[in-house]
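# Tertiary structure, described
Listed below, chain by chain, are the residues.
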Amino acid sequence: MHLIIRTDAGPSVGIGHLMRCLALAEIWHESGGAVTFLTNILASNLSTALAHSAFRHVEHDSTAGSVADLEHTIVMARRCADVVGFLDGYAFGPEYQLTVRRNVRRLGLMDDIAHLPQYHADVLINQNIDAPA
């Protein structure tokens, strides 16, 4: 299976999102799966870290959660067979999730602030120790 991870990172926000997604990617890769990161990274040292990893990295300049971002994510998902999607960021609302979910085998979502009224993921993760059940 191919895991496509959609997350962003920059100097002021998102480094934690990228780091926890890298941990997920490493486990996925060790289990024999391929990994592609779809990102808009605003810090060169983070881009360099991904470039030196074992994972494919596709950068784009679309704003997270935008129509252009969603279209790019769907195009990338359709290029892979047997694809699982994973979203980590606060801009991936219910409609974004639903559209991605329709184009992948399974969808995982990291939301550590539980801020949305509904979710369309097969797996919803909040890693905080005080997260509600």
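As a starting point, this report considers the structure included with it.

### Things to note about the pattern of salt bridges
Tallying each qualifying case throughout the model produces six salt bridges. D8 is paired through a salt bridge with R6; the nearest N and O atoms lie 2.6 Å apart. With its nearest N and O atoms 2.7 Å apart, the salt bridge here joins D88 to R20. With a gap of 68 residues between them, D88 in strand 4 (residues 83-88) and R20 in helix 1 (residues 15-30) connect regions that are remote in the sequence. Per residue, the accessibility class of D88 equals that of R20, and both read buried. Where salt bridges share partners, they join R6, D8 and D69 into one cluster.

### Quick notes on the pairing of strand 5 (residues 106-110)
Burial runs high along strand 5: four of the five residues are buried. Both strand 4 and strand 5 contribute to a ladder of five bridges, which runs parallel. The residue bridging V84 from the neighbouring strand is R106, located in strand 5. The handedness of the strand 4 to strand 5 crossover, carried by helix 4 (residues 94-101), is right-handed. Inspection of the sheet shows strand 5 paired to strand 6 (residues 123-125) by three bridges, in the parallel sense.

Rules behind the numbers
- Residues numbered from 1 in each chain as written.
- Predicted model: local features only at pLDDT ≥ 70, side-chain atom pairs only at ≥ 80, totals over all residues.
- Heavy atoms only, no water.
- Salt bridge = Lys/Arg side-chain N within 4 Å of Asp/Glu carboxyl O.
- Helix = DSSP H or I, 4+ residues; strand = E, 2+ residues; numbered from the N terminus.
- Buried < 20%, exposed > 50% of the residue type's maximum accessible area, 1.4 Å probe, protein only.
- Pairing = 2+ DSSP bridges.
- Right-handed = clockwise from strand over helix to strand, strands pointing away.

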